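# Survey of secondary and tertiary structure
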Amino acid sequence: MGCLKNIFKAVIIVFAVIGFISIGGKDYFVKLWTNFTNPPQDVMLERAKKVGDFSQVGDEFEIDKAASALGYNGVLAEHTASGQKMVIVDSGKKPLLTPEDFKDNRVEEKLQDLTNKFRYSAINVTDLKITKKGKIRAFGKTAPYVKFSAKISKIPGGEIEGIISSVETESGQDRVILSANEKGKYSQLVSEDFFKKVKE
C-alpha cells in the first residue's frame, strides 16, 4: 500500500510540473532570472542615483552595472558604438583620489600605489604611463585629469588607454571618474560627452 501511495504522489508531481510548464511557468522563471542578472535600464538608473544623476545621458550610452560594495558605490557605463567604458566611483569617506592629488602632481604616485594595492586581484595593471594632462567637465564642475596607457592582464588585447580624474561634487564628496578603451580606440569626445551630462 505504501508503494502505491508513493507512485500516486510521483504521478501527481509529474502532472503538476507539466501543467506549470504548459501555462508558462518556465518562461516566468527564465524572465525572473534574466531580470535579476541583467536588470532593465530604468532599474540600473535607479541604482545609479547613489552616485549621480544619469538622466541626461544620451541613448548612445548604456548603464551596464550599478553596485555597492565595501563602502564604495560605482557605476559602469558603455558607449554602445565604440565599446568605450566609463566608470564613476564614490569611495565614501576614504577617497581613492582627490582633486588635490592632481593639483599637487601626486596623481602618478597615487595611481602607482593603487596598481600595487590591486596587483594580485582579478585584473592586474602594469606599465602604467601618464601621457597627457587636461581638464574635463563632470558633475557641473571642471576637473583636472590625466590621460594614461597601461597593460592589463586577463583582457583581450591587454593594452588600454584612457583618462582618470577626481571631481568634488557640490555636496563636498569626491568622485573618481575613469574612461578607457582598447589602445588606439579611446575617444576623448566620447568621455567628454558622457561626463558633462552627469550631475549630482
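Up top you'll find the structure we're talking about.
This section reports on the structure supplied with the text. The shown structure was predicted, so the numbers you read here are calculated from the model rather than taken from an experiment.

So, how was this worked out
Residues numbered from 1 in each chain as written. Predicted model: local features only at pLDDT ≥ 70, side-chain atom pairs only at ≥ 80, totals over all residues. Heavy atoms only, no water. Helix = DSSP H or I, 4+ residues; strand = E, 2+ residues; numbered from the N terminus. Buried < 20%, exposed > 50% of the residue type's maximum accessible area, 1.4 Å probe, protein only. Contact = heavy atoms within 4.5 Å. Areas by Shrake-Rupley, 256 points an atom, 1.4 Å probe, with all protein chains shown as cover. Phe/Tyr/Trp six-rings, centres within 6.5 Å; stacked < 30°, edge-to-face > 60°. Pairing = 2+ DSSP bridges. Axes fitted to C-alpha atoms, helices over the stretch in contact; angles between N-to-C directions.

### Looking at the overall build of the chain
Counting secondary structure elements, the chain contains 6 helices and 7 strands. Counting over 200 residues, the chain shows a buried share of 34%. Contacts in the chain between residues at least 24 apart in sequence constitute 45% of all its contacts with a sequence separation of at least 6. About 12400 Å² of surface is accessible on the chain, with carbon and sulfur atoms providing 59% of the total.

### With respect to the packing of aromatic side chains
Per the stated rule, a full pass over the model turns up 3 aromatic pairs. Ring centres of F54 and F194 lie 6.2 Å apart, and the angle between their planes is 35°; this geometry places the pair in the tilted category. Residue F54 is located in the loop between α3 (41-48) and β1 (61-69), and its partner F194 is located in helix α6 (residues 188-195); the two are separated by 140 residues in the primary sequence. As far as burial versus exposure is concerned, F54 and F194 are alike and both buried. For the ring pair F194 and F195, a centre distance of 5.3 Å and an interplane angle of 75° mean the geometry is edge-to-face. In this structure, F194 and F195 share a single accessibility class: buried. An aromatic cluster is defined as three or more aromatic residues linked by ring pairs; in this entry it consists of F54, F61, F194 and F195.

### Side note on the side chain of N73
Note on placement: N73 falls in strand β2 (residues 72-79). On the accessibility criterion, N73 (18% relative accessible area) is buried. In this structure N73 touches K50, V51, A67, S68, I88, V89 and D90, once residues within four positions along its chain are discounted.

### Overview of the sheet that holds strand β6 (residues 159-168)
The strands that make up a sheet are held in pairs by hydrogen bonds between backbone atoms, and each pair lies either parallel or antiparallel. The strand order across the open sheet formed by 7 strands is β1-β2-β3-β7-β6-β5-β4, and the pairing between neighbours is antiparallel. Each having just a single partner strand, β1 and β4 (125-138) make up the two edges of the open sheet. Within this sheet the neighbouring strands show an average axis-to-axis angle of 20°, counted without direction. Taken together, the 6 bridges between β2 and strand β3 (residues 85-90) define a ladder with antiparallel strand orientation. Of the residues in β3, the one forming a bridge with A77 is M86.

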